[in-house]
Amino acid sequence: MIDLGRYAFAVLASYGIGLALLGGLVWHTLAANARARRALETHERRSDNG
Amino acid sequence: MSLWEYANPVRFMQVSGRMLPWVAAGAVIGTVGGLGWGFLTPDDFRQGSTVKIVFLHVPAAMMAINIWVMMLVASLIWIIRRHHVSALAAKAAAPIGAVMTLIALATGALWGQPMWGTWWEWDPRLTSFLILFLFYLGYIALWSAIEDPDSAADLTGVLCLVGSVFALLSRYAVLFWSQGLHQGASLSVQSGERMSHVYRYPLYLAMIGFGLLFLTLLLIRTRTEIRKRRLAALLARETRA
Amino acid sequence: MLALLIRDLRLAVRAGGGFGLGVAFFLILSALVPFGVGPDRAALAPVAPGILWVGALLACLLSLDRIFALDHEDGSLDLLATAPLPLEGAVAVKALAHWITTGLPLILAAPLFGVLLQLPPAAMPWLIVSLLVGTPALSMLGAFGAALTVGLRRGGLLMSLLVLPLYIPTLIFGAEVTRRGAEGLGAATPLVFLAGITLGALALIPFAASAALRVNLR
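The name an unreviewed UniProt entry assigns to chain C is Heme exporter protein B, from the organism Paracoccus tibetensis. UniProt, in the comment section headed Subcellular location (unreviewed entry), describes chain C in these words: "Cell inner membrane".

For chain A, the name recorded in an unreviewed UniProt entry is Heme exporter protein D, with Paracoccus tibetensis as its organism. The record in UniProt for chain A states the following under Subcellular location (unreviewed entry): "Cell inner membrane". Recorded under Sequence similarities (unreviewed entry), the UniProt text for chain A is reproduced unchanged: "Belongs to the CcmD/CycX/HelD family."

**Student:** Explain the packing of aromatic side chains to me, using residue names and the numbers behind them.
**Tutor:** Taken as a whole and assessed by the stated rule, the structure comprises 7 aromatic pairs over all chains. Both rings, one in W68(B) and one in Y139(B), keep their centres 6.2 Å apart while their planes meet at 65 degrees; by these two values the pair is edge-to-face. Separated by 71 residues along the polypeptide, W68(B) in helix 2 (residues 54-81) and Y139(B) in helix 4 (residues 124-145) bring together distant segments of the chain. The pair formed by W68(B) and Y139(B) is uniform in burial state, with each residue classed as buried. Geometrically, the ring pair formed by F173(C) and F193(C) is stacked, given 5.1 Å between the ring centres and 20 degrees between the ring planes. Here the residue F173(C) occupies a position in helix 8 (residues 155-182), and F193(C) occupies one in helix 9 (residues 188-217), the gap between them amounting to 20 residues. Pairwise contacts between aromatic rings join W68(B), F135(B), Y136(B) and Y139(B) into one cluster.

**Student:** Any details on a nonpolar patch on the surface? Residues and values, ideally.
**Tutor:** All names here are of chain B. Together, I65, V69 and V73 give the surface a local cluster of nonpolar side chains, amounting to about 230 Å² of exposed area. In this fold, V73 is placed in helix 2. By relative accessible area, V73 is classed as partly exposed at 42%.

**Student:** Account for the UniProt feature "transmembrane region" (unreviewed entry) in chain C, naming residues and giving values.
**Tutor:** Residue and element names in this part refer to chain C. Those places that UniProt annotates as "transmembrane region" (unreviewed entry) correspond, in this numbering, to residues 12-37, 43-64, 96-117, 123-150, 157-175 and 187-213. As a span, residues 123-150 carries 89% helix and 0% strand, and end to end its C-alpha atoms are 38 Å apart. With 96% helix and 0% strand, the stretch residues 187-213 has end C-alpha atoms that lie 37 Å from each other.

**Student:** Summarise helix 3 (residues 84-116) of chain B; cite the residues concerned and give the values.
**Tutor:** All names here are of chain B. In a regular helix each residue adds 1.5 Å, so 33 residues correspond to 48 Å; helix 3 covers 46 Å between its end C-alpha atoms and thus fits that length. At A94, helix 3 is bent by approximately 25 degrees, the largest bend along its length, and proline P95 sits one to four residues beyond. Most of helix 3 sits inside the fold, with 24 of its 33 residues counted as buried. Following helix 3 by one or two positions, G117 adopts a phi angle in the positive range, close to 80 degrees.

What counts and what doesn't
Residues numbered from 1 in each chain as written. Chains lettered and ligands numbered in written order. Predicted model: local features only at pLDDT ≥ 70, side-chain atom pairs only at ≥ 80, totals over all residues. Heavy atoms only, no water. UniProt positions renumbered as here; feature names shortened; annotations may be inferred. Phe/Tyr/Trp six-rings, centres within 6.5 Å; stacked < 30°, edge-to-face > 60°. Helix = DSSP H or I, 4+ residues; strand = E, 2+ residues; numbered from the N terminus. Buried < 20%, exposed > 50% of the residue type's maximum accessible area, 1.4 Å probe, protein only. Patch = residues over 30% accessible without salt bridge, like charges linked within 9 Å, V, L, I, M, F, W, Y side chains within 5 Å. Areas by Shrake-Rupley, 256 points an atom, 1.4 Å probe, with all protein chains shown as cover. Salt bridge = Lys/Arg side-chain N within 4 Å of Asp/Glu carboxyl O. Expected span 1.5 Å × (residues − 1). Bend = angle between axes of the 7 residues up to and from the residue.

In structure tokens, the structure reads:
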């Protein structure tokens, strides 16, 4: 483990918050995309059958 | 074959679908590589280990501004040529920009606390970013408030144009209003020569990574919007039939 | 155009509240600040210019949704849009009416509230001048915000979110003029910037606002 010295909190918190925000954004993007795709697919399948 | 062909939603879906894996791979390599490499850089003799925050802060701040510019361009294309994909891309970009602004503000505060001895200072750059964040919020709120998608695209487009002018005005007004703590160019690319190579290359990699990450997310989000729009159109057709 | 202005003014007077409400809000705000900050003259005087400007800005915000909302409800906005008068002109006139009913009373009342907040006498003329120069921009930008949100049922809160960031440059320069006036420094530079923003807003915002109105009336 690298030694961050007395600024460990600032560095780790920055990376923590930054990565958490990025991760949240990526997750939200993928989830919304999957939801939209599923909704569209089920709808298209239904209208094909019906 | 012109650039405008990509404005066709079907064509856009095809091309973006083919592009996505590559762009996403580049984004992962750039972001993870840049941040990981940055995290492993040696401490700066003045800033200590806080120099590692730069690799998050600078790319995020850069993207926060560039995304607004991209939204401005997309809004202009929508207003002038009425390509739906363009309007949807502007809509898709706004939340990414807001998150980037938030990251820049949060990492800036965390860096400022040990370095300047304060979490927050009403310094021109910090204040400008706060104002930029407010503009992003207003833009997103206006999109979500209007139901008719074309009206929403028009109104947010106009807001983006006016907002850009006033964001720029605020930037210079704020400069007039307070002299800052924030170092001018020592952290920016233009004067990269003032930064040692040890920090410069990972920073470049992280910046490329963030750019590609934005592109990836933008493509996915735009595809989401197109699908949503298509579903809404199908439903509307059914209820009419 | 004059007919429209007179009509708007008459409506505002008849509906009541138009004049009074903004000034009353301004008064309450100026009265509340000393309760929060403390009655000390030394504490109040330095923040007085900023408080007065923020107060004027918020008081202006209160009555913004009246610019178009009522006309949108009873359909006269559609008539205005199809009238021979360009919609840009109508927007400008409506912003002017808003300024006369809200901005002007605020300017007249501001010196009084300045006394309440221990604003140094030297700053008084600067306060009035800066408000006189700056508030037209507030009305004009407010008309833009109101035009964006006119069709929405609960547009009021959204409008403040949209309009307030646009007010930042005006607020900065306006408060700066007053502060420099209070400290006896030259206030000409921020005043010129303030005037520039106002003139720019007056020249360009009517186009943006009427574009937004046309979309909302579609």
